[in-house]
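Structural description and commentary
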Amino acid sequence: MGNNLPYAADVESPLKPEELQVLRTQYEKEGEYVGVQTKFNYAWGLIKSNVRSEQQEGVRLLSDIFRNSRERRRECLYYLALGNYKLGNYGEARRYNEGLLEHEPENMQAASLRQLIDDKVAKEGMMGIAIVGGVALAAGVVGGLLFKGSRKR
């Protein structure tokens, strides 16, 4: 990560397995009566993970909190944006992040995450253009060879 984006450190800083296990144990211990704070803590740990399935579960848990606990929505916005960013869901990441920035325009974490999202979208857009260009070029070459072959007959 670049030095110009110091605030979005959560993108590349997973918890140690034993730290995540403490959160998981507490979450499982509370069972069907799990508290919102316990669920949030566990979701936060999962989103910080480098394991895609854990990130997906973290986003699912935070989405549940976001839907059902209006008083916790603002807290969920950044981590929903971060989780979706890590999963490659850039549109969703941008939507949640912009929601946070509407309420907190000076939030440096959200501002740096916005830059990461924009950079990733731009990079993938350029890769997409290169792939489409390569496919078009290959199709042109194949078409040219077929056309040339059919003219000889």
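Right, let's walk through the structure included here.

Definitions and cut-offs
Residues numbered from 1 in each chain as written. Predicted model: local features only at pLDDT ≥ 70, side-chain atom pairs only at ≥ 80, totals over all residues. Heavy atoms only, no water. Axes fitted to C-alpha atoms, helices over the stretch in contact; angles between N-to-C directions. Helix = DSSP H or I, 4+ residues; strand = E, 2+ residues; numbered from the N terminus. Parallel < 35°, antiparallel > 145°, perpendicular 65-115°, else oblique. Left-handed = near helix turned anticlockwise from the far one by under 90°. Contact = heavy atoms within 4.5 Å. Nonpolar A, V, L, I, M, F, W, Y, C, P; charged D, E, K, R; others polar. Buried < 20%, exposed > 50% of the residue type's maximum accessible area, 1.4 Å probe, protein only. Polar contact = N/O pair within 3.5 Å; in protein donor to acceptor, adjacent residues only side chain to side chain. Phe/Tyr/Trp six-rings, centres within 6.5 Å; stacked < 30°, edge-to-face > 60°. Lys NZ or Arg CZ within 6 Å of the ring centre and 35° of its normal. Core = buried A, V, L, I, M, F, W, Y, C linked by side-chain atoms within 4.5 Å. Salt bridge = Lys/Arg side-chain N within 4 Å of Asp/Glu carboxyl O.

What about the packing of helix H4 (residues 73-87) against helix H5 (residues 90-103)?
Running from N to C, H4 and H5 cross one another at 155°; their axes reach a closest spacing of 8 Å. Looking at the two axes, H4 sits roughly antiparallel to H5. The element H4 and its partner H5 pack so that their crossing is left-handed. Together, Arg74, Leu77, Tyr78, Leu80, Ala81, Asn84 and Tyr85 of H4 and Tyr90, Glu92, Ala93, Tyr96, Asn97, Gly99 and Leu100 of H5 make up the contact between the two elements. Tallied by class, residues from the contact of H4 with H5 come to nine nonpolar, three polar and two charged.

Digging into the side chain of Asn107
Relative to the assigned elements, Asn107 resides in the loop between H5 and helix H6 (108-152). Relative accessible area serves as the criterion here: at 14%, Asn107 is assigned to the buried category. Engagement of the side chain of Asn107 in a polar contact is seen with the backbone nitrogen of Gln109, the distance being 3.0 Å. A distance of 2.9 Å separates a polar side-chain atom of Asn107 from the backbone nitrogen of Ala110.

A few points about the environment of Tyr90
With respect to the secondary-structure elements, Tyr90 resides in helix H5. Between the C-alpha atom of Tyr90 and that of Lys120, which follows or precedes it by 30 residues, the distance is 8.2 Å. Apart from the residues within four sequence positions on either side, Tyr90 is in contact with Asn84, Tyr85, Ile117, Lys120, Val121 and Glu124.

Quick notes on the packing of aromatic side chains
With the rule as written, the count across this model stands at five aromatic pairs. Aromatic pair Phe40 and Tyr79: ring centres 6.1 Å apart, planes at 85°, arrangement edge-to-face. Here Tyr79 lies in helix H4 and Phe40 lies in helix H2 (residues 36-48), a separation of 39 residues in the sequence. Relative to Tyr96, the ring of Phe66 has its centre 5.7 Å away and its plane inclined at 85°; by these criteria the two rings are edge-to-face. Note that Phe66 is positioned in helix H3 (residues 52-68) and Tyr96 in helix H5, a separation of 30 residues in sequence. Summarising the burial analysis for this pair, Phe66 and Tyr96 share the class buried. Taken together, the ring pairs connect Phe40, Tyr78 and Tyr79 into an aromatic cluster. When the ring centre of Phe66 is taken as reference, the NZ or CZ atom of Arg73 above it lies at 4.9 Å.

Focus: the nonpolar core
The biggest cluster of nonpolar side chains holds 34 residues, and the ones touching the most others in it are Leu62, Tyr85 and Leu113. At the level of elements, helix H1 (17-30), H2, H3, H4, H5 and H6 are the ones that each hand at least two residues to this core. At nine residues, H4 tops the list of elements feeding residues into this core.

Quick word on the environment of Tyr96
Judged by its relative accessible area of 10%, Tyr96 is buried. For Tyr96, the contacting residues outside a window of four places in its chain are Phe66, Leu77, Leu80, Ala81 and Asn84.

Regarding the pattern of salt bridges
Under the definition given, this model contains nine salt bridges. Across the pair Glu92 and Arg95 runs a salt bridge whose closest N-O atoms are separated by 2.9 Å. Of this pair, Glu92 and Arg95 both sit in helix H5, three residues apart, roughly one helical turn. Glu92 gets classed as partly exposed once you look at its relative accessible area, which sits at 33%. Classification of Arg95 by relative accessible area gives partly exposed; the value is 48%. Taken together, the shared-partner salt bridges connect Lys39, Asp64 and Arg67 into one network.

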